[in-house]
Amino acid sequence: MSVEVLDSATIVNFVEDEEAFNISIRDRFVHLDTDRDGLLSYTELLKELESLRLFETHFGIDVKTDPKELAQVYNSLFVQFDHDSNGTVDLEEFKAEMKRMMLAMANGMGFLPVQMVLEEGSFLKKAVEHESTKLAA
Ligand SMILES: [Ca+2]
Ligand SMILES: [Ca+2]
């Protein structure tokens, strides 16, 4: 875990760099697919949804959320990922939905940088790393 500052440009640049984004998506997918069947089950995808911290934080402030409510939201997110409703999320579904979610998140941030606690290997962390390699180059 580390505290990083990110803004909407960091996320948008990352998503729009198709090569870097695709590599990260594949990495993340393989990492989440713990039983290695090439598909993400609800439990497997849940780890990703939790690391995105969509609901626990709001502008860096921890918000307490009812676990029951949270489970419902995660459930409906899973349905959103599972475009063909076959009960699992494949790589293409994962990629399409992650892209959409990241852009929605960037939109919601506006232009103000946000401080967030990020997990190693999580998607937002990758976005921050992507930005710093670009600055170094
Ligand atoms: Ca799996
Ligand atoms: Ca599916």
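Bear in mind the structure is a predicted one, so any value in this text is a computation, not a measurement. (Residues numbered from 1 in each chain as written. Chains lettered and ligands numbered in written order. Predicted model: local features only at pLDDT ≥ 70, side-chain atom pairs only at ≥ 80, totals over all residues.)

## A few points about the overall build of the protein chain
From N to C terminus, the protein chain includes 6 helices and 4 strands. Relative to all contacts within the protein chain whose residues are 6 or more apart in sequence, the contacts with residues 24 or more apart total 70%. (Helix = DSSP H or I, 4+ residues; strand = E, 2+ residues; numbered from the N terminus. Contact = placed C-beta atoms within 7 Å.)

## Considering unusual backbone geometry
One can expect most non-glycine residues to show negative phi and most peptide bonds to be in trans. In this structure, R36 is a non-glycine residue whose phi angle is positive, near 50 degrees. Residue position: R36 is located in the loop between helix 2 (18–32) and helix 3 (42–52). For R36, a count of 7 C-beta atoms within 10 Å puts it in the exposed group. Backbone geometry at S85 places phi at a positive 50 degrees, although glycine is not the residue there. Among the structural elements, S85 can be located in the loop between helix 4 (67–81) and helix 5 (91–109). (Buried ≥ 20, exposed ≤ 12 C-beta atoms within 10 Å, placed from the backbone.)

## As for the UniProt feature "domain: EF-hand" (unreviewed entry) in the protein chain
Taking the UniProt record as the reference, the feature "domain: EF-hand" (unreviewed entry) is found at residues 69–104. End C-alpha atoms of residues 69–104 are separated by 21 Å, and the span's content is 75% helix alongside 0% strand. (UniProt positions renumbered as here; feature names shortened; annotations may be inferred.)

## What about the packing of helix 1 (residues 8–16) against helix 5?
A packed helix pair is summarised by two numbers, namely the angle formed by the two axes and the spacing between the axes. Where helix 1 contacts helix 5, the axes come no closer than 8 Å and their chain directions differ by 155 degrees. In terms of axis orientation, helix 1 runs roughly antiparallel to helix 5. Crossing handedness for the pair helix 1 and helix 5: left-handed. Of the residues in helix 5, those touching helix 1 at S8, I11, V12 and V15 are K99, M102, L103, M105, A106 and M109. Of the residues belonging to the contact of helix 1 with helix 5, the class tally is 8 nonpolar, 1 polar and 1 charged. (Axes fitted to C-alpha atoms, helices over the stretch in contact; angles between N-to-C directions. Parallel < 35°, antiparallel > 145°, perpendicular 65-115°, else oblique. Left-handed = near helix turned anticlockwise from the far one by under 90°. Nonpolar A, V, L, I, M, F, W, Y, C, P; charged D, E, K, R; others polar.)

## Some words on the environment of E48
Here E48 shows up in helix 3. Separated by 75 residues in sequence, E48 and F123 place their C-alpha atoms 8.2 Å apart. Not counting residues up to four positions away in its chain, the partners in contact with E48 are R28 and L32.

## Digging into the nonpolar core
Within soluble globular proteins, side chains that are nonpolar generally end up buried alongside one another. I11, F94, M102 and A127 are the most contacted members of the largest nonpolar core, which has 20 residues in total. Contact partners of F94, with chain neighbours within four places excluded, come to I25, F29, L40, F81 and V89. (Core = buried A, V, L, I, M, F, W, Y, C linked by C-beta atoms within 7 Å.)

## Details of the environment of Y74
Within the secondary structure, Y74 sits in helix 4. Counting along the chain gives 25 residues from Y74 to L49, while the straight-line C-alpha distance between them is 7.2 Å. If we skip the residues at most four places from it in the chain, Y74 touches L46 and L49.

## Topic: helix 2
With 15 residues, helix 2 extends 21 Å between its outermost C-alpha atoms, agreeing within 8% with the 21 Å of an ideal straight helix rising 1.5 Å per residue. Among the residues of helix 2, those classed as buried are F21, S24, R28 and F29. All buried residues of helix 2 lie within an arc of 135 degrees about the axis, which places them on one face of the element. Along helix 2, exposed side chains directed more than 90 degrees from the buried face belong to E19, N22, I23 and V30. (Expected span 1.5 Å × (residues − 1). Arc of directions from axis to C-beta.)

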